[in-house]
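For reference, the chains in residue letters:
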Amino acid sequence: MKWAALLLTTLQIISGQEAEKEYPPYDGWYNNRAHPEWGVVDMPLTRRLPSHYQDGVYMPSGWNRPNPRTISEQLMKGDTGKNSYLNKTALMVFFGQQVVEEILDAQRPGCPPEYFNIPIPKNDSLYDPEGTGTVEIPLVRSRYQQAISGFSPNFPRQQLNEITSFIDGGLTYGVNKAWADALRLHNHCEGRTTQSNIFSSQNPKDCRGELASSEDKGRLPIENTIGLPLANPPPPRDHELKSAKRFFRLGNPRGNENPFLLTFGVMWFRHHNWLARKIRDEYPSYSDEKVYNEARAQNIAIHQKIIFYEWLPIFLGNCTASIAICNEVPSYEGYKSSVHPGITHIFQSAAMRFGHTLVPPGVFRRSRYDNSTGECTFYNTSLQTAGSRHEFQEVHVNRKGLRTCNTYWNPTEALTEKLGSSEDGFSELLMGMASQICEREDNIITPDLRGSVFGPLEFSRRDLMAINIQRGRDHGLPDYNTAREYLGLGRRQNFTSVNPELFSDDDRDGPNLLRKFIEVHNGNIENVDIWTGGLLETTTDGPGELFRAVILDQFVRIRDGDRFWFENRANGLLSDEEFEFVMSTTLKDVILRTNPDLTDVDIQNMPFLWDESNDTNAKCPQPFPLKASTMEDCTEPKYYDYFGGSELSYALSWAALGLYVILMIMLLYFLARRSMLQRKASQKIAAHAGSGADAETTIADELLGKEERQIKISLGPGKAIIIKSARGSKLRTISLRGTVKIMQSNTRTRYLLGVSLAETETYDLVLTFTDSIERHRFQQKFREFSEGEGVQLQDMGPIKEKDLLNIVKTKEDRDEELENFFGQYAKWVYKFGSSQPLSVDRHKYANIDLSKQELADHLKLRPDSLFVDQMFQTADKDGSGFINYREFLDVMWIFTKGDAKDKAKLMFDMYDVDRSGTLTMDEFRMMLQSTMDMVNTNIDTSTIDGLVQEIMNTHGFQHKTQLTLDDFQTVMNQYTDELDDSRIGEDVFAGQEIGKSNGTGQGAISRNRETRIHKARRTAKESIAKVSSPRVHPCSAPTSERRVIIRRSVATSDSSEPSTSRGALARRKTVVIRVHEREEKESSQFEIRMIAFQKYIRNYRMHIYWLTLYTLVAWAIFAERVYYYSVEREHGGLRRICGYGVSFTRGAASGMMFTYSCLLVTMSRNTITFLRETFLNRYIPFDAAVSMHRYIAWQAMIFTVIHIFGHSINFYSIATQPSSDLSCLFPDYWRTSDELPKFHYWAWQTITGLTGILATLVVITMYVFASDHARLWVFRWFWWTHSYGYVLLYFFMVLHGSGYLVQRPFFYYFFLGPAVLYTLDKLYSISRNKSEISVVRAELLPSHVTYLEFKKPSTFDYKAGQWVRIACLSQSHNEYHPFTLTSSPHEDTLKLHIRAVGPWTKNLRNIYDPNRLRDSPYPKLFLDGPFGEGHQDWYKYDVSILVGGGIGVTPFASILKDLVHKTKINQEIRCKKVFFMWLTRDQKEFEWLTDIIREAENADDKGILEPHIFITQIPSRFDFRTVMLYICERNFQRLSGRSLFTGLSAVTHFGRPKFQDFFRALSKEYETTVDEFGVFSCGPPPMTQNVEEACAEMNKFEGAIFSHHFENF
């Protein structure tokens, strides 16, 4: 095999290939082939002693031992400046530090940080001079192997060594290949000359194998401009963070700690380049990589040799009689693979720290030896080494030596300072340390370490000795005696036996030291820490028995367990010549090689010792020992508030967030205001265009008080001012008489003009204009008009708006006055019962006059109606044009409290115009015509004549030409009940006082009794009852029992008994529903509530189930994260910093992920529409998707608020933490080490903070513009913010979590499923809605309704009641709006009836205006849908009730058509009866629906449909105003079989229905046949709310359930 290997090597050389050689690995892996992980980077320290954790697992040991700071102060404090007994040099001491940095680095704190602070005794002279007793030295426990250790006594916590435990050049080259490559020059030295670099070859361009140097001079390593992660604590002298770019690039991150350690880093850097030059000159064919590896191998070998055979024997000292067990450094016996080279805990935490006692308080720098004078110059401190403290020159400058404590982390100052003729300070430091004798081997520690070592920014100076003790406890080290016992050294029986020689030496104050030793430990030798006991064992020759044994054992194991040790010839690293070269190299050789300017006499032969007697080159002794007392002082400990600098950004950030909410609300208000103004402006334009407005007509807004209304003002004829509404109806006529005052006022938003009419009108005229020019134009016109008519004007000039409004009386002021007027009347009515009121001549309302306009307004009638005119003339006895309070009472008393005979006579007198005592046929026609006027109905003359003739014939008066009072009362006798119950405006007059007792309580009781007596009568009248046969009258039954008659279309039986079969629902002609006064069993409130609750649960059981399930899941997700961070991560760093704030924010974050993701599911319309047609609809209420969307959104808002509020606390907590802790907790948030992250950094400069803020702004915007007000006035903004807001929100949420701020992102767990579903759903919509649909017909219908009919796609399948989304291509290709289809599924085209109420619908109406289109084709549409809703399920109930209000009738138009179609084709459906209730202001409002209802009535052969029309402009149905309407309606239906007002068979009612009474009647009628009624409503929210309340009220009692499905517009 050997010959084969030799042959292979020979062949490689012949072929020009380099022979393969295994070089030492950077990270130590596979150094030991049997145990490749031994001694490698980031592996646990080894234990030669058992751990002594308090709990056996991880809690620090030494819980019962003395305070570390007390031990330091009492046992390690003393005078410095005492030379080493063996004349060891400072060079030996700091060389020892670089040895430690070569094999050991366990200083990195654990992550998350666990603080194990050292309490400072009260009144400590350095740290607590004020005696607070609260000061602590911060100390974070060491990093440990978190994955597998620290969980049980079988595997207690194991701390890590972050570098290899081998002497393998880590200090020079780093512990990984990437780091090493960053230090190399890579043969790039194009600008080098033979003189520019101290290690230039003969060919200066040849720099193979070199490490990069500063300015390529070869003197100092290259600066850290690339940002290697070097250790960079704040220099305690300056107490500020500095950039790590000031450091030199070295292999060890801590190599720049102080100039003395850095000196050795520079030395080995230079020596590598010296070797590289040597090797490349010897082997010109070697590659850059080969030269580098060979130089590295030889440099490491020389380093190993010097450490083991030069430094270690001197450091350990000689074995003396005082050391009972003492071994010398053994000879090398070869590589031993069974030896573990790992660093032990006791070596790291105690033994190797023995060198601290040798550290001097400062270091000399000296010049070269001057042969001519035989002297050397020792340099003083300068401005450069004093740093930025120039103002304290007398304190810090011109002092001998560099003070150790003031050089921490300022190493480059001394290395770069030019002293004498040198280019840098490197050689001066080496020579100074070589000449200086270190501190004595004893227990005394220099204050530079014991109290002034560097610390974090918040505690700039710490006690390293206290830290040594605390670190040993952190690592679970046992006590001193246990350590000796386990190492075979024997236990100490008493304190004296620790070091008898020391404690008996008076010169070293031994007895006093012993006393303190005993006192500090309370006389218990078992409570002594290893560091304390080991340090006190120190002899004059070096470390004592314990430390010597530990140190020797460690270095021997490092040597014997290293396969790449230079003496292991089997590794093939060194040739024989190279081995001899290494063995012959000494530290002095290295120093001279790396300092070309030095000569042999500039440094002694043995630099680790100063021995003038035996060393002829020891020519420059130290001038005197450096003492701390004679050097510059260490700077005082300083503290730092990490939140400092964050106050402003913290306050401004949160204030800006709150301000953004306000700004969004203000923006919404501004946009809505602008929209309203634009709408008003367009209405003005339309008003001008529609009314042919000329120069005599002015469009303005009238200020009514808090509200405004748009009006048209016409001046003339005569002195009259005509005020009309925007639609052209007359509102008011003002007659100018006397003196008219005119005034004006300006604000930023409006221009007011007040016209005071106090002498002639009940209230004044206050106009608002959008600009001053428009106001001036009208004002000038008004002046000219007044002057022309002789009206006297008094111009009061400009005044403040507040003063103007105090002068004038607005309509709201007058309305309040009239409300009190009518309220007073109502109180009088109910106070005096049926008796006449007392005199009112002196009443406070006696002077109030009521105009005809005001009377009409409060009666809810048109002021120009004949009824109002006749009533006003009757009341106005003095002909003044006003009704005073006395006149008002005289007339209204009869209408309110009079009997049927009195009311009939009053009606007779009202229309007996000529006061002849008879009613002519013309006067009778006038009476009927005035009734028509009340509902804006214009009935032709022939129809009125037919009505009159029918009434006359019915009562046998067909031959009379006039009616007497007796004849008229005969006609009215049929309507006695109506007249008895009629009230003029009782709903208007009745105030809060009506229901109150008169003091005795009897008034309320009697009224209750009266209400009960007439309960059945009102139920019959106020429901949608209809008499289908003149033989049956609802008022013919006794008062204790009333019957409500509901017409049925098919007559098969006259039985009044309810049938139990379902078929009976449609077979009867007349069904009598008995409504008893109080036959039901009296139930307690609790029983009523329980029944209501049970029905509510039954009615909404699926809604409640899914809502509850979703809520529980959402909050369970929240609770899981809260529990995890509160309990399982209780000791986590972020949890310890932020407390429960992080628990709640993480819980809320998970809740946000879940809820915001779920919103996508509720927005997947196509999926929901499809699923609601499957069996799943029986278990999932898909119709509640919109409500669920809103509920989830509110849940998301709650979680968002918790998250934001929690982060307001968390960010404060984070901003108060040390930079090192934050680097641990947030390792992915990279920043340079000199940047101190403030609040604005976390909030605005991290991806998590910035995206969180942006996401919050998006959420605020979306929620503000999702409000009802926004959707009403600025719908497009709602559409924009929701269309693009979700995209931004999810984008920012993904980025927000990707920052790894707290945990690994898992938003995608919640998001992916809903996102995929929504994406597919949206793609399906896009594939469908991007097809252009042709409009085949368009009409502009009354009531601002636009009718569109367009082609139905071949694949478009829908059900009656469903809705679609359309986009008009002439407006926008992407803006879709939802509308319910009014066509039936069987029709060939799709139809929509769209009311113009917003900008988009108004534009749509203009686009399809025939006058604008002319011969152009209709613009095309994009169609998306259909989408399902609850209305499409009308056929799933035995009895369905459809309630439509206004444009809300559109879904029912489709349903009625579908019902007719299904009836025609005899399609079997469950629904047997449909009640359709249409609420409309007047019968002309939606005339297009009348045609649909008529078609449905004509085709309804089975009597399924029962339509009812409610004309709602008269609010109170059965008052005196509607008696004549019912008289006309009933007689006309008797005459023609159709409604007088609509021409339909449907019943027409006047006023608003009382749904509860109607539902009660249905419940009684179908008591045995129907278990559940389907109630479907669509219209304005107040109407659907009334229906919902009625259903809820009915569900409080036993019987059928009323299941309500509604949609609002």
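Given the structure is predicted, the values throughout are model-derived calculations rather than measurements.

Draft legend 1. Fine view of the overall build of the protein. Helix and strand counts for the protein stand at 54 helices and 33 strands. Residue burial in the protein is summarised as follows: out of 1609 residues, 57% are buried. Only carbon and sulfur atoms are counted for the fraction: they give 53% of the accessible area of the protein, which is about 68300 Å².

Draft legend 2. Seen up close, the packing of helix α37 (residues 1101–1128) against helix α41 (residues 1185–1215). It is the contact of α37 with α41, at a shortest axis distance of 12 Å, that shows an interaxial angle of 20 degrees. As summarised for this structure, α37 and α41 are arranged roughly parallel, according to the angle between their axes. You can see that α37 and α41 cross each other, and the crossing is right-handed. Along the contact surface, α37 presents Trp-1106, Leu-1107, Tyr-1110, Thr-1111, Ala-1114, Trp-1115 and Phe-1118, while α41 presents Met-1188, Tyr-1191, Ile-1192, Gln-1195, Ile-1198, Phe-1199 and Ile-1202. Of the residues assigned to the contact of α37 with α41, the class counts are 12 nonpolar, two polar and no charged.

Draft legend 3. Structural view of α37. With 28 residues, α37 should cover 40 Å at 1.5 Å per step; its first-to-last C-alpha distance of 38 Å lies within 8% of that length. The complete set of buried residues in α37 reads Tyr-1110, Thr-1111, Ala-1114, Ile-1117, Phe-1118, Arg-1121, Val-1122, Tyr-1125 and Ser-1126.

Draft legend 4. Highlighting the confidence of the model for the protein. Mean pLDDT for the protein: 80, with 81% of residues reaching 70 or above. Of the regions scoring below 50 in pLDDT, residues 833–842 engages in 19 contacts with residues more than four places distant in sequence or in other chains. Below a pLDDT of 50 lies the segment residues 978–1080, which in the model reaches 213 contacts outside its immediate sequence neighbourhood of four places, other chains included.

Draft legend 5. View of the state of the cysteines. Counting across every chain of the model gives three disulfides. Across a sulfur-sulfur distance of 1.9 Å, Cys-405 and Cys-634 are joined as a disulfide pair. Between Cys-405 and Cys-634 the sulfur-sulfur dihedral comes to about -105 degrees; the bridge is accordingly left-handed. Here the residue Cys-405 occupies a position in the loop between β6 (402–403) and α11 (412–416), and Cys-634 occupies one in the loop between α20 (587–594) and α21 (647–691), the gap between them amounting to 229 residues.

Draft legend 6. Representation of unusual backbone geometry. Although it is not a glycine, His-186 adopts a positive phi angle of roughly 55 degrees. Mapped onto the secondary structure, His-186 falls in the loop between α5 (177–183) and α6 (259–282). Residue His-186 is classed as partly exposed on the basis of its relative accessible area of 33%. Here His-239, not a glycine, exhibits a phi torsion of approximately 50 degrees, which is positive. Its place among the elements puts His-239 in the loop between α5 and α6. Taking the relative accessible area as the measure of exposure, His-239 reaches 17% and is therefore buried.

Draft legend 7. A look at the pattern of salt bridges. Here the structure, examined in full by the defined rule, presents 64 salt bridges. One salt bridge in this structure joins Lys-177 and Asp-181, with 2.8 Å as the shortest N-O distance. You can see Lys-177 and its partner Asp-181 sitting in helix α5, four residues apart, about one turn around the helix. Asp-505 is the partner of Arg-508 in a salt bridge, and the nearest nitrogen-oxygen pair spans 3.0 Å. Judged by relative accessible area, which is 18%, Arg-508 ranks as buried.

Draft legend 8. Just the nonpolar core, in detail. Within the largest apolar cluster, 143 residues are counted, with the highest numbers of intra-cluster contacts made by Phe-95, Trp-311 and Phe-555. Sorting elements by how many residues they give to this core places helix α7 (residues 288–316) first, with 15 residues. Setting aside residues up to four positions removed in sequence, Phe-555 forms contacts with Val-99, Ile-103, Ile-307, Phe-308, Trp-311, Leu-312, Phe-347 and Met-352. Among the nonpolar cores identified, the runner-up in size contains 35 residues, and Ile-1117, Met-1152, Met-1188 and Phe-1306 belong to it.

Draft legend 9. Highlighting the environment of His-188. With respect to the helices and strands, the residue His-188 is situated in the loop between α5 and α6. A relative accessible area of 51% places His-188 in the exposed class. Sequence separation between His-188 and Glu-210 is 22 residues, and the spatial gap between their C-alpha atoms is 9.5 Å.

Draft legend 10. Quick look at the sheet that holds strand β26 (residues 1389–1395). Across the sheet, three strands lie side by side as β22-β23-β26; this open sheet has antiparallel pairing. Strands with a single pairing partner mark the edges of an open sheet, and in this sheet they are β22 (1335–1341) and β26. Adjacent strand axes in the sheet meet at a mean angle of 15 degrees when their direction is disregarded. Direction of pairing for β22 relative to strand β23 (residues 1345–1351): antiparallel, over a ladder of six bridges.

Draft legend 11. A look at the pairing of β26. In terms of residue burial, β26 counts as a mostly covered element, since six of its seven residues are buried. Here β23 runs beside β26; their pairing, made up of seven bridges, is antiparallel. What sits directly across from Leu-1348, in β26, is Leu-1392.

Draft legend 12. Highlighting helix α18 (residues 545–560). Spanning 16 residues, α18 covers 22 Å between terminal C-alpha atoms, matching the ideal 22 Å at 1.5 Å per step. Across the 16 residues of α18, 14 count as buried, placing the element largely inside the fold.

Draft legend 13. Main features of the packing of aromatic side chains. Applying the stated criterion across every chain, the model contains 59 aromatic pairs. For the pair Trp-1115 and Phe-1199, a centre-to-centre distance of 4.6 Å together with 45 degrees between the ring planes defines the contact as tilted. With Trp-1115 in helix α37 and Phe-1199 in helix α41, this pair connects stretches of sequence that are 84 residues apart. Trp-1115 gets classed as partly exposed once you look at its relative accessible area, which sits at 29%. Exposure remark for Phe-1199: the relative accessible area of 0% places this residue in the buried category. Between the aromatic rings of Phe-1275 and Phe-1278, the centroid separation amounts to 5.5 Å while the plane-to-plane angle is 50 degrees, which identifies the pairing as tilted. Here the residue Phe-1275 and the residue Phe-1278 both occupy positions in helix α46 (residues 1275–1298), the gap between them amounting to three residues, near one helical turn. Relative accessible area serves as the criterion here: at 23%, Phe-1275 is assigned to the partly exposed category. An aromatic cluster is defined as three or more aromatic residues linked by ring pairs; in this entry it consists of Phe-95, Phe-264, Trp-311, Phe-315, Phe-347, Phe-354, Phe-555 and Phe-608. Its end group placed over the ring of Phe-1278, Arg-1271 keeps NZ or CZ at 4.9 Å from the ring centre. The ring of Phe-1475 carries Lys-1473 above its face, with NZ or CZ at 5.9 Å from the centroid.

Analysis parameters
Residues numbered from 1 in each chain as written. Predicted model: local features only at pLDDT ≥ 70, side-chain atom pairs only at ≥ 80, totals over all residues. Heavy atoms only, no water. Helix = DSSP H or I, 4+ residues; strand = E, 2+ residues; numbered from the N terminus. Buried < 20%, exposed > 50% of the residue type's maximum accessible area, 1.4 Å probe, protein only. Areas by Shrake-Rupley, 256 points an atom, 1.4 Å probe, with all protein chains shown as cover. Axes fitted to C-alpha atoms, helices over the stretch in contact; angles between N-to-C directions. Parallel < 35°, antiparallel > 145°, perpendicular 65-115°, else oblique. Left-handed = near helix turned anticlockwise from the far one by under 90°. Contact = heavy atoms within 4.5 Å. Nonpolar A, V, L, I, M, F, W, Y, C, P; charged D, E, K, R; others polar. Expected span 1.5 Å × (residues − 1). pLDDT = per-residue confidence, 0-100. Disulfide = S-S within 2.5 Å. Salt bridge = Lys/Arg side-chain N within 4 Å of Asp/Glu carboxyl O. Core = buried A, V, L, I, M, F, W, Y, C linked by side-chain atoms within 4.5 Å. Pairing = 2+ DSSP bridges. Phe/Tyr/Trp six-rings, centres within 6.5 Å; stacked < 30°, edge-to-face > 60°. Lys NZ or Arg CZ within 6 Å of the ring centre and 35° of its normal.

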